[in-house]
Each structure stands twice: as C-alpha cells, then as structure tokens.
Amino acid sequence: MSNTKPQLYVVSLSGGKDSTAMFLRMLEEGMPVDIVLFCDTGLEFPAMYDHLNALEQYTGKEITRIHAEHTFEYYFMEHDIKRKTSSDITQNQKGYSWAGPKSRWCTNRLKNQPRKRYLRSLREHYHIIEYVGIAADEGYRLNRKNNQRDNCLHPLVDWGMTEADCLQYCYERGFHWDGLYEIFSSVSCWCCPLQSLEELRKLYRHFPDLWDKLKYWDSKTWRKFRADYSVRELEIRFDLEKEWRKAGQSPKGKAFFTALKHQLEKENCTEVSL
C-alpha cells in the first residue's frame, strides 16, 4: 500500500492585482484549487476587504483568512522583546515599533509565520502545491529563497503575464478595488514606512482617517516613522508643498527645504489622540 500523501493545491492570495489575476485565470483554465489562503494583517485598505468578499461571490470559492497570534498594535507597541543591550533606554522600549529596511518584523510576524503555521498542519496529511502570484516582469522576486521551493509554482511567469497585464485582466472581469490602483502603485499595508514619499502623499490626501491613525501610532512609539521624518513632520512638509504649488513655486531645491526647516522648527509636534 502506497504511503504517498495526496496533493493539495493552495493559492497564496494577497488580494492585489497579481494574485487575483492568477487565481481567476487558474479557475478559468480548470486548474485545481483546493484552498485560497489570505494572511490578514489587519492593515489592508478597507476596499481590499470588499474586494475579497466580491472575489468569493464571483468565484464561488471560500477564501481562508488566517491571522497572527496578536494584532499589529500589540507587536508594535506592547510586545516584550529581548534586546541585545540592557541600557535603561532599551529596557523601556516596548514593541518592535516601525519596520525598517533591515527589520521587516511585520511581514514575518503577520504574514510569514501564520502562513507557515497553517501549512505545516496541512503537510501532516497532504503534499502541498502552492501557487504564488509573481508577475512575469518581477523576475527578481523569483531569486528569493522562499520562492525557490520545489512545491512553489508561478503561473503568471509561465503565462508571461506582466503586472500591467494582471491589472487589465482584473479590470475586464469587474474588479476595481474601489479605484485604489488609480491612486497607488501598490495596495499592500497602508501604514508601511518603507513606501515612497509619493505614496505617502497620496495616503495623506485621499485617506485622512488612516493618516490620523498613522500619526497616532507614531506618537506612541519609540522609533521615528522614517529616518528623515516623523508622520507629523511629513504632514507639515506635504502642506507646505501644497502652499508653494498654489503660489506658483516649485517645492524643490534649496529655497523650499530652507523654508521647510524653518516651518518644522516653528511647529510644535505634540502627541495626538484619536
């Protein structure tokens, strides 16, 4: 009698254009899909949750939504961390605070660990085949260790579908994310400090309620939002840029940044509350 485990086909769904296009085309081509897995960080745009509900209705497939053991806010502000140093300052620093280029704890805690834990339990009974939505023009991502596993497949690459192709494919099937992709280039976690200044400008302009939450979190933690700006300082910069453009001046160059420096010195950035 064979001890070979049956195969289980898992779609890794972020909810963005690439994984959505992959999921939709897989179904249209009759490819096997047993589980559609979404790691919910709690940091998605509200329109993303609407998109997931619409996707379930459209496909008739239930999306399995998994979560980390604790919320982002807990890990961010309350989690006890063993520090390498034992000074009074570091001992009083609670939580991981904002992620940085060398410490993307949020991806690990809120996405990777819950996903690995969930799949580990399935591997006791099944051989897992996991589909990941890497577009054909994102070849650099294929070199990452996590995407080179033998059981990890990339249909979009096989189909030659680029990021632009994926977005158009979704639009043609009625998925619009309430216009998020008309504003942002990426619709992942809205509070990420590693996104560009331009993306943060858009967040400030289009989602004031989320910006207020971002500013609140920044006032309650020990690490600055970015190395160059706090959230409040970004707000001051963006407002000043708007004033300069309205006056017909370019918010670039030495004159603008001198004015910005004076404005930041003038402003009293105190803690905010929701």
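Since the structure is predicted, the reported quantities are computational estimates derived from the model, not experimental observations. Within each chain, residue numbers correspond to sequence positions counted from 1 in written order. Totals for whole chains, interfaces and linings use all residues, but because this is a predicted model, local features are given only for residues with pLDDT of at least 70 and pairs of side-chain atoms are given and counted only at 80 or more. Only hydrogens and water are set aside when side-chain values are computed; all heavy atoms of the structure are taken into account.

A. Inspection of the packing of helix α12 (residues 231-246) against helix α13 (residues 253-266) at higher detail. Simply put, an axis is a line fit to the C-alpha atoms, just over the touching stretch for a helix, and the angle between two N-to-C directions goes from 0 to 180 degrees. Every helix listed is a DSSP run of H or I at least four residues long, and every strand listed is a run of E at least two residues long, numbered separately from the N terminus. Between α12 and α13, the shortest axis-to-axis distance is 10 Å and the interhelical angle comes to 130 degrees. Classified by the angle their axes make, α12 and α13 are oblique. The handedness of the crossing between α12 and α13 comes out as right-handed. Here Glu233, Ile236, Arg237, Leu240, Glu241 and Trp244 of α12 lie close against α13, whose contacting residues are Ala255, Phe256, Phe257, Ala259, Leu260, Gln263 and Leu264. For the contact of α12 with α13, a count of residues per class yields nine nonpolar, one polar and three charged. Working rule for angles: under 35 degrees goes down as roughly parallel, over 145 as roughly antiparallel, 65 to 115 as roughly perpendicular, anything else as oblique. Each helix crossing is assigned a hand: it is left-handed if the near helix lies turned anticlockwise from the far helix by less than a right angle, otherwise right-handed if that turn is clockwise. Throughout, a contact is declared for two residues whenever any of their heavy atoms are within 4.5 Å. When residues are sorted by character, Ala, Val, Leu, Ile, Met, Phe, Trp, Tyr, Cys and Pro go into the nonpolar class, Asp, Glu, Lys and Arg into the charged class, and all the rest, Gly among them, into the polar class.

B. Expanded view of the sheet that holds strand β4 (residues 127-132). At least two bridges found by DSSP between two strands is the condition for calling them paired. One open sheet holds the five strands; their spatial order is β3-β2-β1-β4-β5, and the pairing between them is parallel. The outermost strands of the open sheet, each flanked by one partner alone, are β3 (63-66) and β5 (152-153). The pairing of strand β1 (residues 7-12) with β4 spans six bridges and is parallel. Note that in β4 the partner of valine 10 across the bridge is glutamate 130. Contacting β1, β2 (35-39) and β4, helix α1 (residues 17-28) crosses the sheet at an angle of about 140 degrees to β1.

C. Fine view of the packing of α1 against helix α8 (residues 163-172). Between α1 and α8, the shortest axis-to-axis distance is 8 Å and the interhelical angle comes to 65 degrees. Read as a crossing pair, α1 and α8 show a hand that is left-handed. In contact with Lys17, Asp18, Thr20, Ala21, Leu24, Arg25 and Glu28 of α1, α8 contributes Glu163, Cys166, Leu167, Tyr169 and Cys170. Of the residues belonging to the contact of α1 with α8, the class tally is six nonpolar, one polar and five charged.

D. Inspection of a positive patch on the surface at higher detail. Among the surface-exposed residues, Arg205, Lys242, Arg245, Lys246 and Lys252 lie close enough to one another that they form a single positively charged patch. Element by element, the count of residues in the positive patch is highest for α12, at three residues. To count toward a patch, a residue needs a relative accessible area over 30% and no salt bridge; like charges are then connected within 9 Å, while nonpolar side chains (Val, Leu, Ile, Met, Phe, Trp, Tyr) are connected within 5 Å. In these tables, accessible area is a Shrake-Rupley quantity obtained with a 1.4 Å probe, and a residue counts as shielded only by the protein chains included in the view. By salt bridge we mean one thing: a side-chain nitrogen of Lys or Arg within 4 Å of a carboxyl oxygen of Asp or Glu. Counting rule applied: Lys, Arg positive; Asp, Glu negative; His and chain ends not counted. Here the site of a charge means atom NZ of a Lys, CZ of an Arg, CG of an Asp or CD of a Glu.

E. Here's a closer look at helix α5 (residues 105-123). Taking 1.5 Å per residue, 19 residues should reach 27 Å; α5 reaches 25 Å between its end C-alpha atoms and fits that length. In α5, a bend of some 35 degrees at asparagine 112 exceeds every other bend along the element, and proline 114, a proline, comes one to four places later. Each residue gets one of three labels from its accessible area relative to the maximum for its type: buried under 20%, exposed over 50%, partly exposed in between, using a 1.4 Å probe on protein chains only. Within α5, the full set of buried residues consists of Trp105, Arg109, Leu110, Pro114, Arg115, Leu119 and Leu122. If you follow the buried residues of α5, they end up packed against β1, β2, β3, α3 (72-78) and β4. Multiplying one less than the number of residues by 1.5 Å gives the expected span of a helix. Each residue is assigned a bend, namely the angle between axes fitted to the seven residues that terminate at it and the seven residues that start at it.

F. Representation of the pattern of salt bridges within the structure. The tally for this structure, following the rule as stated, stands at 17 salt bridges. Put simply, glutamate 199 and lysine 202 hold a salt bridge, and the shortest N to O gap is 3.3 Å. Separated by three residues within a single helix, glutamate 199 and lysine 202 lie in helix α10 (residues 197-206), roughly one turn from each other. Each member of the pair, glutamate 199 as well as lysine 202, is classed as buried.

G. The arrangement of unusual backbone geometry in detail. Although it is not a glycine, tryptophan 177 adopts a positive phi angle of roughly 55 degrees. Here tryptophan 177 lies in the loop between α8 and α9 (180-183). For tryptophan 177, a relative accessible area of 3% corresponds to the buried category. Positive phi outside glycine occurs at aspartate 178, with the angle close to 55 degrees.

Note that all results are geometric; they support no functional claim without further evidence.
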